[in-house]
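# Geometric and topological summary
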Amino acid sequence: MALSSKPEFAVGLLCHIKAMVDNAKRVVLTAHTHADGDAVGAVTGLMSVLGRLYPDLNLTPMLPQGCPRQFEWMPGAALILSGESERERCCQALAEADMIFVLDLNTPSRLDNLAQPFTQATGHKILVDHHISPDQAAFQTIISDHTISSTCELATWLVEALWGAQAIGSEAATCFYTGMRTDTGGFAYSNTQPSLYHAAAMLIGTGIDPAEINNRIVNIFSERRLRFYGYAISNCLTVMAEQHFAYFAISLDVQRHFGVGYEDMDGLVNYTTLMSDIEFGALIREEKQRCKVSLRSKHTDVESIARQLFGGGGHRKAAGATSTLPLAETVEKLTQYVASR
Ligand SMILES: [Mn+2]
């Protein structure tokens, strides 16, 4: 059966990548700041594949803040270094690497605290990603396709093309499946295409347990976090009915009161678009000296909003940005824009 949306890779490109991995001694794998399931899954999944195929290869996975607590159960996650607390080791590994796999981002600035050592590194930089407009100058090899659901799906097809489906064991499959599952909202978003199901079928064929993975991804709330969600929905949500827009503004005080961090905030923005009359929504989370803005929509292009207002990016229906303005001013900038569009 033809897989209309399955990505195709040029034979020359595949040979080139294979030869580089064959000759590499030290490989770094990394992904975007505030890692999500797709970022962690791509790092650990590819690490697992490479570790099985090349037992002598020195593999160093790293993320700007290390592995988020909610993904610590993923195979290999315990090996992920933190750009914050293990900075020296990260810088050394980047400087010594022959190859650096950069996953699930389109520009090195998304590496946050690892951006500078990454830029200075001399190893071959290879990007595997599904965001639009990859930074052409920052990587020597770019495998980018924004029509693919997730970096984990793209990595699955890339591995299959490079080394065959049998190169993906159940550990890698667990990691890749997790990223495909989280980036598509459980195979629900508009990025869900035939190739995603084919990739998922291939991964499930390795013997992984999709129901258990679902449990690990979805049923993870603490009482504290659930009560925070209740509070936020009651007290921190503003609806601009005329604009079909709603947003959460979460101050540092509220975060401290409930003892919640950015990991606990994941998914809160999706509550805005649960309302049938709301077309797009935002979560504005105060940090020290800056705010994080997450945007979601049913149809509206929120990537352009994130980019225009705050220099952010992402996808058409799911985007994010960092605002250097205080919370109240960030809210004002966003709501004024929404009111005037
Ligand atoms: Mn992704």
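Residues numbered from 1 in each chain as written. Predicted model: local features only at pLDDT ≥ 70, side-chain atom pairs only at ≥ 80, totals over all residues. Heavy atoms only, no water.

## Let's talk about the coordination of the manganese ion
Using the following cut-off: For Na, K and Ca the donor cut-off is 3.2 Å, and for all other metals it is 2.8 Å, counting N, O and S atoms only; because water is absent from this set, sites may look incomplete. A run of H or I in DSSP counts as a helix once it spans at least four residues, and a run of E counts as a strand once it spans at least two, with each numbered from the N terminus. Only protein chains enter the calculation, and the probe is 1.4 Å; a residue is then buried if its accessible area is under 20% of its type maximum, exposed if over 50%, and partly exposed in between.
Bound to the manganese ion are the protein donor atoms Asp 38 (OD), Asp 104 (OD), His 130 (NE2) and Asp 183 (OD), situated 2.1 to 2.3 Å from the metal. Donor residues for the manganese ion, ordered by position in the chain, follow D-x65-D-x25-H-x52-D. Of this pair, Asp 38 sits in helix 2 (residues 37-53) while Asp 104 sits in the loop between strand 4 (99-103) and helix 4 (115-120), and the two are 66 residues apart along the sequence. Both residues of the pair, Asp 38 and Asp 104, belong to the buried class.

## Things to note about the sheet that holds strand 4
Heads up, the condition is: Here, strands pair whenever DSSP counts at least two bridges between them.
In space, the six strands of this open sheet follow the order 3-2-1-4-5-6, with parallel pairing throughout. Two strands lie at the open edges of the sheet, namely strand 3 (81-82) and strand 6 (141-144), each paired on one side alone. Where strand 4 meets strand 5 (residues 124-129), five bridges bridge the pair, whose relative direction is parallel. What sits directly across from Leu 103, in strand 5, is Val 128.

## Section: the domain arrangement of the chain
Our working definition: Marked domain ranges trace back to an automatic or database domain assignment. Residues are treated as being in contact if the distance between any of their heavy atoms lies within 4.5 Å. The quantity reported as buried area is the accessible area (1.4 Å probe) lost by two parts once they are put together, taken as the sum for both. When a carboxyl oxygen of Asp or Glu is within 4 Å of a side-chain nitrogen of Lys or Arg, the pair counts as a salt bridge.
When its domains are assigned, the chain resolves into domain 1 (11-217) and domain 2 (223-340). Between the C-alpha centres of domain 1 and domain 2 the distance comes to 27 Å. With 11 residues of domain 1 at the interface, the matching set in domain 2 holds 12 residues. Summed over the three residues of domain 1 that lose the most area to domain 2, namely His 34, Arg 69 and Gln 70, the buried surface amounts to 46% of that side. At the junction of domain 1 with domain 2, the criterion picks out one salt bridge.

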